[in-house]
Amino acid sequence: MASPSARGQRRTAALLLTPFFGLFAAVTLAPLLYAAWLSLFTTRTSGLGFGGTENVFTGLGNYARALSDEAFRDGFLVIAAYCAIYIPVMIGGSLALALLLDSGLAKARSFFQLALFLPHAVPGLIAALIWVYLYTPGLSPVIDLLESGGIGVDFLSVDNAVFSAANIAVWEWTGYNMVIFYAALQAVPRETLDAAKVDGAGAVRTAVSIKVPMIGPAIALAVLFTVIGSIQLFTEPKVIYNASSAIGSSWTPNMYVQTAAFQNNDFGLAAAASLLIALFAAVLSFAVTRISSRISRRGSTS
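Sequence order sets the numbering: in each chain, residues are counted from 1 along the sequence as written. The predicted origin of the model limits local features to residues at a pLDDT of at least 70 and limits the giving and counting of side-chain atom pairs to 80 or more, whereas totals for whole chains, interfaces and linings rest on all residues. Note that water and hydrogens are dropped before the side-chain values are worked out from all heavy atoms of the structure.

Chemist: I tried to follow the packing of helix 4 (residues 109–121) against helix 7 (residues 161–185) on my own but got confused; where do I start?
Modeler: Relative placement of two packed helices is described by the angle separating their axes and the distance separating the axes. The N-to-C vectors of helix 4 and helix 7 enclose an angle of 140°; their axes lie 6 Å apart at closest approach. What the angle tells us is that helix 4 and helix 7 run oblique. As helix 4 packs across helix 7, the resulting crossing turns out to be left-handed. Between helix 4, through R109, Q113, L116, F117, P119 and H120, and helix 7, the contact on the second element is made entirely by W171, E172, W173, G175, Y176, M178, V179 and Y182. Any residue that is not Ala, Val, Leu, Ile, Met, Phe, Trp, Tyr, Cys, Pro, Asp, Glu, Lys or Arg is counted as polar, Gly included; the first ten are nonpolar and the last four charged. Of the residues that constitute the contact of helix 4 with helix 7, the class distribution is nine nonpolar, three polar and two charged. Angles run from 0 to 180 degrees between N-to-C directions of axes, and those axes are lines fitted to C-alpha atoms, restricted for helices to the stretch in contact. Put simply, DSSP H or I for four residues or longer makes a helix, DSSP E for two residues or longer makes a strand, and each gets a number counted from the N terminus. For classification purposes, an angle smaller than 35 degrees is called roughly parallel, one larger than 145 roughly antiparallel, one from 65 to 115 roughly perpendicular, and anything else oblique. Left-handed describes a crossing in which the near helix is turned anticlockwise from the far one by less than a right angle; the clockwise case is right-handed. We call two residues in contact whenever any of their non-hydrogen atoms come within 4.5 Å of each other.

Structural data, given as structure tokens:
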């Protein structure tokens, strides 16, 4: 039988955890359950549009409609292309900058940390607006400079929209992840680095063979969060779409949901598509976690 002190500790823990579970249920579970219920119905009109509307139970019909819609499927192809460009450039750039700041070659570390982190302090919408201004012909000094050199680039076209959106995200998030990697590098034992120097390892060899493997969990976590954020891509392409409708209103999965809900008033389809996106994100996150853990285990045993 539990002692009075143990029961008191459990009651205290339950009391402290109650606000968290209450907020979790209110802002996470309740919306998910409502979206799941909403996804089972569709709104239909009768009498050629003059007989009012009614909610009709369709079961998994909305999920089938979303999966059979080419625009919804193409959105995931856009996300795949976006990740293929954005994640290697951003993670690689962040890691390179963190290693440079951690090396003995870097001067004024605090200044460069602040300067590189500042783009992340700019709200995502503002950052997208700034870059769309730089992408717009007739307004952008960058485009004018390129055109003066005989280079014509339409950053807002369908072919270049993925690169333009990825560039905005790289500008926003490189400094943020650089700070995370730099903080992880500070936990690398100095004795290990000194031993590498004694063995004759240079700065590059030390960085690649010792520092990077030892901060593998931080890199894996950054990749995981980046993948989840990429699946939810919305702000940058939405601003690009408002500036140039060449990419279409359903260019990414989240834009597809927004179009279905607020332009077509098809809330059942929007709810089903949003849950499919969440399911895809969960499966992909699980896969990234498993792959990262295997890589970490191999690195620790090698």
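So much for the structure itself; the text now carries on.
Chemist: Can you walk me through the packing of aromatic side chains in this structure?
Modeler: Each pair of aromatic rings is reported with the distance of its centres and the angle of its planes. Each Phe, Tyr or Trp ring, with Trp reduced to its six-membered ring, pairs with another whose centre is within 6.5 Å; inter-plane angles below 30 degrees give stacked pairs, above 60 give edge-to-face pairs, and intermediate values give tilted ones. Enumeration according to the criterion identifies 15 aromatic pairs in this entry. With a centroid separation of 5.1 Å and 50° between ring planes, the pair formed by F72 and Y256 is classed as tilted. Of this pair, F72 sits in helix 3 (residues 70–102) while Y256 sits in helix 12 (residues 253–262); the two residues are 184 residues apart in sequence, bridging distant segments of the chain. Y256 matches F72 in its accessibility class, with the two residues each being buried. Relative to W171, the ring of W131 has its centre 6.1 Å away and its plane inclined at 75°; by these criteria the two rings are edge-to-face. Here W131, found in helix 5 (residues 124–135), pairs with W171, found in helix 7; they are 40 residues apart in sequence, far enough to count as distant. The buried label applies to any residue whose accessible area, calculated with a 1.4 Å probe on protein chains only, is under 20% of its type's maximum; exposed applies above 50%, and partly exposed to all values in between.

Chemist: Please clarify how the layout of surface pockets should be interpreted in this entry.
Modeler: Empty space among the atoms can be located by rolling a probe the size of a water molecule over them. For cavity detection a 1 Å grid was placed over the protein atoms alone, and a set of points counts as a cavity when a 1.4 Å probe fits there but cannot get out; an open set counts as a pocket when protein lies on both sides within 12 Å along at least five of seven lines, with lining residues being those that have an atom within 4 Å of a point. Grid points are joined across faces, edges and corners, and a volume is the space filled by probe spheres set on the points. Put simply, the largest pocket is a space of about 410 Å³. Lining the largest pocket are 22 residues, and of these Y86, W173, F225, G229 and S230 sit closest to its centre. When contributions to the lining of the largest pocket are tallied by element, the ones reaching two or more residues are helix 3, helix 7, helix 10 (216–231) and helix 11 (235–243). For the lining of the largest pocket, the class distribution of residues is 13 nonpolar, seven polar and two charged.

Chemist: Honestly, the packing of helix 9 (residues 203–214) against helix 10 in this entry has me stumped. Any pointers?
Modeler: Running from N to C, helix 9 and helix 10 point in directions that differ by 60°, and their axes come no closer than 4 Å. Residues V212, P213 and M214 of helix 9 form the contact with helix 10, whose participating residues are G216, P217 and I219. Here the contact of helix 9 with helix 10 is composed, by residue class, of five nonpolar, one polar and no charged.

Chemist: Would you mind showing me how to read helix 11 here?
Modeler: In an α-helix, one full turn covers 3.6 residues, which means residues spaced three or four apart are oriented alike. Of the residues making up helix 11, those classed as buried are E236, P237, K238, V239, I240 and Y241. Each element contacted by the buried residues of helix 11 is listed here: helix 5, helix 7 and helix 12.

Chemist: Is there a simple way to explain the nonpolar core in this structure?
Modeler: Soluble globular proteins tend to pack their nonpolar side chains together in the buried interior. Definition used in this section: a nonpolar core is a set of buried Ala, Val, Leu, Ile, Met, Phe, Trp, Tyr and Cys residues joined via side-chain atoms within 4.5 Å. Within the largest apolar cluster, 67 residues are counted, with the highest numbers of intra-cluster contacts made by F72, Y82, Y86, I91, F181, I215 and W251. Excluding anything up to four places from it in sequence, Y86 contacts A166, A169, V170, W173, T226 and S230.

Chemist: What should I look at first to understand the side chain of D266 in this one?
Modeler: One can find D266 in the loop between helix 12 and helix 13 (267–301). Given the relative accessible area of 14%, D266 is considered buried. Leaving out residues up to four positions away in the same chain, D266 has contacts with T42, R65, A260 and A261.

Chemist: I would appreciate a short explanation of helix 3 in the present structure.
Modeler: Between its first and last C-alpha atoms helix 3 spans 47 Å; for 33 residues at 1.5 Å apiece the expected length is 48 Å, and the two agree. Take the seven residues that end at a residue and the seven that start at it, fit an axis to each, and the angle between those axes is the bend at that residue. In the structure, helix 3 departs most strongly from a straight axis at C83, where the bend amounts to approximately 30°. By the criterion applied in these results, polar contacts are pairs of N or O atoms within 3.5 Å in which, for protein atoms, one can donate a hydrogen and the other can accept it, and in which residues neighboring in sequence qualify only through two side-chain atoms. Two to three positions downstream of the cap, the backbone nitrogen of A71 sits 3.0 Å from a side-chain oxygen, assigning the N-cap of helix 3 to D69. Helix span, expected: 1.5 Å multiplied by one less than the number of residues in the helix.

Chemist: Teacher, can you tell me more about unusual backbone geometry here?
Modeler: Note: most peptide bonds trans; most residues except glycine with negative phi. Positive phi, normally seen in glycine, also occurs at N265, with a value near 55°. Counting through the fold element by element, N265 comes out in the loop between helix 12 and helix 13.

Chemist: Is there a simple way to think about a nonpolar patch on the surface in this case?
Modeler: Nonpolar side chains collect at one region of the surface, where L17, F20, F21, F24, L29 and L33 lie side by side and expose about 600 Å² of accessible area between them. Mapped onto the secondary structure, L29 falls in helix 1 (residues 4–38). Here a patch means residues that are over 30% exposed by relative accessible area and free of salt bridges, tied together within 9 Å if like-charged and within 5 Å if nonpolar (Val, Leu, Ile, Met, Phe, Trp, Tyr). Reported accessibility uses the Shrake-Rupley method at a 1.4 Å probe radius. Residues are deemed covered only where the shown protein chains occlude them. By salt bridge we mean one thing: a side-chain nitrogen of Lys or Arg within 4 Å of a carboxyl oxygen of Asp or Glu.

Function-wise, these values are silent; they only describe arrangement.
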